[in-house]
Structure formats: structure tokens, C-alpha cells
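Summary of structural features
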Amino acid sequence: MDFMDEGRQKAMDTKYIFWSPDRGYEPSELAEAKKIIDQGGLVAFPTETVYGLGGNGLQKEAARRIYAAKGRPSDNPLILHISRFSQLKGITRRIPDTAVRLAEAFWPGPLTMIFEKADCVPYEITGGLETVAVRMPEHPGALEFLEAVSVPVAAPSANTSGRPSPTRAEHVREDLEGKIDMIIDGGEVGIGFESTIVDLTGELPVILRPGYITRQMVEEVVGEAAMDPALLSVEGDVAPKAPGMKYRHYAPEAQMKVFCGEQEAVIEAINESARRLICEERISPEEIGILATEETAAQYSVGQVVTSGSRRRDDVGRYLYGVLRRFDELHVKVILSESFYDSAKEEAVMNRLLKAAGQQVIEVDNGDGVGDGL
């Protein structure tokens, strides 16, 4: 019995190593990370989007351990991460021309593509599907790690399933310390939400999950692309073809509602909703969270206001998951959130926000202040 198998009989002693642009890795650290992956263990590592929880993408047992550590449904597919385009040939049946063009434009980067899987990719990785999701991350620490382990690495986000995805190593520690073998601390990520997923197995590219790479950016490279109609669904009867399609994701512990409408009307509606919660439902101000931006935070009179960046800088998405975790730390019971349809990445930001809220949306009537649903 090796040291990792023995450790799985009890809570693991999770090892930490550190990466930075200046320091990189020590050779001994990468050697240990490779040994963990080779033996079926799990390593959390930073990417430019969020932290991933990596295991050997060609081992069934590694996939099972990922699902167990996260508490993730086994029909929710995993993404294979590679460091070189040439690795695609070994894990897919065919590489369409659209994939080549998208890779030339966006790899390495926050784009995941779905292909017909090769026989060597276990069904435990693909959620039982004949397709496999693949991405080449842009983060230099991730690429160096992937190159060192020399196998495709299956990696969902490194968090407990359903919780907000981790954008810092301490988020991974909160959820997975003692459950996985190693965490690579690379500091705060740059983008803060997951990659765009494009299905290339049909006649027309279909975006299954919006992300930093927008539909317009995809269409500029390959022509027409469709948006999957299931994107606004929280649950469905069809097996998910990509992560995030079927189950509630990115969710804080508190009940969450998203207010949509003109900004001033939304602020008024959130303030009124907070006052009603206090007066009618006897919820204390400290138990009410308000998700705002730097520009609007001062306009809220009650509740615990947390800002997710700035509309002016258009960086709301980068900080969204950290804000949702902050509300958990504050132990609020209800979160009242602004909407962010004015973001350049609004498809991705609003997809994550509405998933976190379980699609609880309040349409604000600009004339009357509050619309239906409150």
C-alpha cells in the first residue's frame, strides 16, 4: 500500500506548493505532483478562469475520486486539460476544421471544445457520453503543471459541488482540505469564471456554457454559432453534455434573488425589499446581504452590502464567486442582488448569477418600483 492509498483510509494531509510568475515551481514539487497524478491522486491547480481539481484523465478511479471529493453527480461530465494541441489526437476520434480554427484563435485560453471521444477516455470522465470536453488553459502555472504530468488531466472546478467556484487557493482549502492530495497556490485568478464551452460534434457549433469567449468572438472565427436553449434551465431530464448544464451551480448558502430593470429602479426595489424583510418577516439587517457594485453600494440603506467590482471597469464577473463566498462567511439568510446585463460578458456573468439564485428573478417595474415575484 503506497502513501496515498494509506492516507485515503483517513483524512488526508493535503500538501501545499506555491507558484508565481517570478518563482515558478521547484523541480521536486512538479515531480511530486506528477507522482500524485500517476497514482490516481488529486491535485488542485490554478487556471486563468478558476481553480481546477485535477486527476488523471485516462483513469477511471481518478474520475471516481474527483466525484467523491466534490460530492459531484457522476453524470456531470469532466473537462480534460491539455498543454499541447497534439494531445487532441490521442483522446478524440476526429478533429474538425472548426476546432483547428478556434484553437488557433483562442488556445491557450478560456475555451473548451467538445469532440467525439476516443476509446481510451473512460466513460467515468464523460458522464457516460460518447463525447469529451477538452481545453488548453492559458495560465502559465497550469501549463507547466500539465506539461510535467504528461497526461490529459480531468479537472472540474476545485470546490464542493454546487458551491461558488474557487478563485483563490483559500477557497479550495475551505472546501477540499483533507480530501485531496495537493493544492497548488497560484494566487488570485485573472478571469474569475469558467471557460466558454462549444460543442463541435454537430453541423453547427453550439455554445453550451457562455464564458469569457463570447458568441460574437466565436462567430468571427467560424461563422454562425448557436446558443443551447437549455442555458437558462436549472434542472432538466436530459443528461448534461457539459458541466453546469443540469444542476444548480455556484450557489451561496442563503436564498438569493436577482432584481432586473433600470438601475435606479432596481436600487429602490432592493431597498424596499430589505425593509419589508425586516418589518414583515422579522429578519435582522445583518441577515440580509446586498450584492452591488462600487458605483451603487452607498445607495443601500440597510443590510450587509458587498461589492463585486465596478461597472465602469467591467470586472463584476471576476469577483462574483468571491462575493458569494463572502456572503456565506457573513451568515446572511437572504441575498438581494443587482443584475449585470450591461457587462461586456453579460451572457457569462448573468448565467452564473441566475444559476446561483436558482433562477429567482424579480422584474422591476420602473413605474411602480417593484414588479411581480417579490
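About the cut-offs
Residues numbered from 1 in each chain as written. Predicted model: local features only at pLDDT ≥ 70, side-chain atom pairs only at ≥ 80, totals over all residues. Heavy atoms only, no water. Helix = DSSP H or I, 4+ residues; strand = E, 2+ residues; numbered from the N terminus. Rg over C-alpha atoms; globule rule 2.2 N^0.38 Å. Buried < 20%, exposed > 50% of the residue type's maximum accessible area, 1.4 Å probe, protein only. Contact = heavy atoms within 4.5 Å. Areas by Shrake-Rupley, 256 points an atom, 1.4 Å probe, with all protein chains shown as cover. Pairing = 2+ DSSP bridges. Salt bridge = Lys/Arg side-chain N within 4 Å of Asp/Glu carboxyl O. Axes fitted to C-alpha atoms, helices over the stretch in contact; angles between N-to-C directions. Parallel < 35°, antiparallel > 145°, perpendicular 65-115°, else oblique. Left-handed = near helix turned anticlockwise from the far one by under 90°. Nonpolar A, V, L, I, M, F, W, Y, C, P; charged D, E, K, R; others polar. Polar contact = N/O pair within 3.5 Å; in protein donor to acceptor, adjacent residues only side chain to side chain. pLDDT = per-residue confidence, 0-100.

**Structural notes on the overall build of the chain**
In terms of helices and strands, the chain carries twelve helices and 16 strands. Relative to the compact-globule value of 21 Å for 374 residues, the chain shows a C-alpha radius of gyration of 21 Å, a close match. Burial status across the chain gives 57% buried among its 374 residues. In the chain, of all internal contacts separated by at least 6 residues, the share reaching a separation of at least 24 is 68%. Accessible area for the chain stands at about 15,200 Å²; split by element, carbon and sulfur atoms hold 48% of it.

**Looking at helix α7 (residues 140-149)**
Among all positions in α7, only Gly 141, Ala 142, Leu 143, Phe 145, Leu 146 and Val 149 are buried. Summarising the contacts, the buried residues of α7 are in contact with α2 (27-38), β2 (43-45), β4 (79-81), β7 (153-154) and β8 (182-185). Directly after α7, the chain includes Ser 150, whose backbone phi takes a positive value near 65°.

**Description of the sheet that holds β7**
Taken together, eleven strands build an open sheet; the order of strands is β1-β8-β2-β3-β7-β4-β6-β5-β9-β10-β11 and the sheet is mixed. Pairing within the sheet leaves two strands with one partner each, and these edge strands are β1 (15-18) and β11 (226-227). Where strand β5 (residues 111-116) lies against strand β6 (residues 131-135), five bridges are found, and the strand directions are antiparallel. By the bridge assignment for β6, Phe 115 is matched with Val 132.

**Focus on the pattern of salt bridges**
With the rule as written, the count across this model stands at 25 salt bridges. A salt bridge links Glu 329 to Arg 326, with the shortest nitrogen-to-oxygen separation between them at 3.0 Å. Of this pair, Glu 329 and Arg 326 both sit in helix α11 (residues 316-330), three residues apart, which is roughly one turn of the helix. Note on Arg 326: relative accessible area 37%, which makes it partly exposed. A cluster of three or more residues bridged by salt bridges with shared partners is formed by Arg 163, Glu 174, Asp 175, Arg 325 and Asp 328.

**Structural notes on the environment of Phe 85**
Tracing the backbone shows Phe 85 in the loop between β4 and α4 (88-91). Classification of Phe 85 by relative accessible area gives partly exposed; the value is 29%. Setting aside its immediate chain neighbours within four residues, Phe 85 contacts Ile 95, Val 100, Ala 103, Trp 107 and Met 136.

**Considerations on the pairing of β6**
For β6, the buried fraction is high: five of the five residues fall into the buried class. Here β4 pairs with β6 via three bridges, running parallel. Paired with Leu 80 across the strands is Val 134, a residue of β6.

**Here's the deal with the packing of helix α8 (residues 169-176) against α11**
Direction vectors running N to C along α8 and α11 enclose 50°, while the axes themselves pass 12 Å from each other. By the angle class used here, α8 and α11 are oblique. Relative to α11, α8 is oriented so that their crossing is left-handed. Residues His 171, Glu 174 and Asp 175 of α8 form the contact with α11, whose participating residues are Gly 322, Arg 325 and Glu 329. Its residues assigned to classes, the contact of α8 with α11 comprises no nonpolar, two polar and four charged.

**Points about the sheet that holds strand β15 (residues 334-338)**
One open sheet accounts for five strands, arranged β14-β13-β15-β12-β16; its pairing is parallel. Whereas interior strands pair on both sides, the edge strands pair on one side only; in this sheet they are β14 (304-307) and β16 (361-363). On average, each strand axis in the sheet is tilted by 25° relative to the strand beside it, whichever way the strands run. Where strand β13 (residues 288-292) meets β15, four bridges bridge the pair, whose relative direction is parallel. In the strand pairing of β15, Ile 290 is matched with Leu 336. Against the sheet, helix α10 (residues 263-280) engages β12 (255-260), β13 and β15, with an angle of about 170° to β15. Of the strands in this sheet, β12, β13, β14 and β15 are in contact with α11, which crosses β14 at around 160°.

**What to know about the side chain of Ser 83**
Its place among the elements puts Ser 83 in the loop between β4 and α4. A polar side-chain atom of Ser 83 sits 2.7 Å from a polar atom in the side chain of Glu 147. What Ser 83 contacts, discounting residues up to four positions off in sequence, is Met 136, Leu 143, Leu 146 and Glu 147.

**Here we look at the confidence of the model for the chain**
Of the residues in the chain, 90% have a pLDDT of 70 or more, and the chain-wide mean is 91. Every residue in residues 1-9 is under pLDDT 50, and counting partners more than four places away or in other chains gives 16 contacts. In the model, residues 368-374 has pLDDT below 50 throughout and makes 16 contacts with residues more than four positions away in sequence or in other chains.

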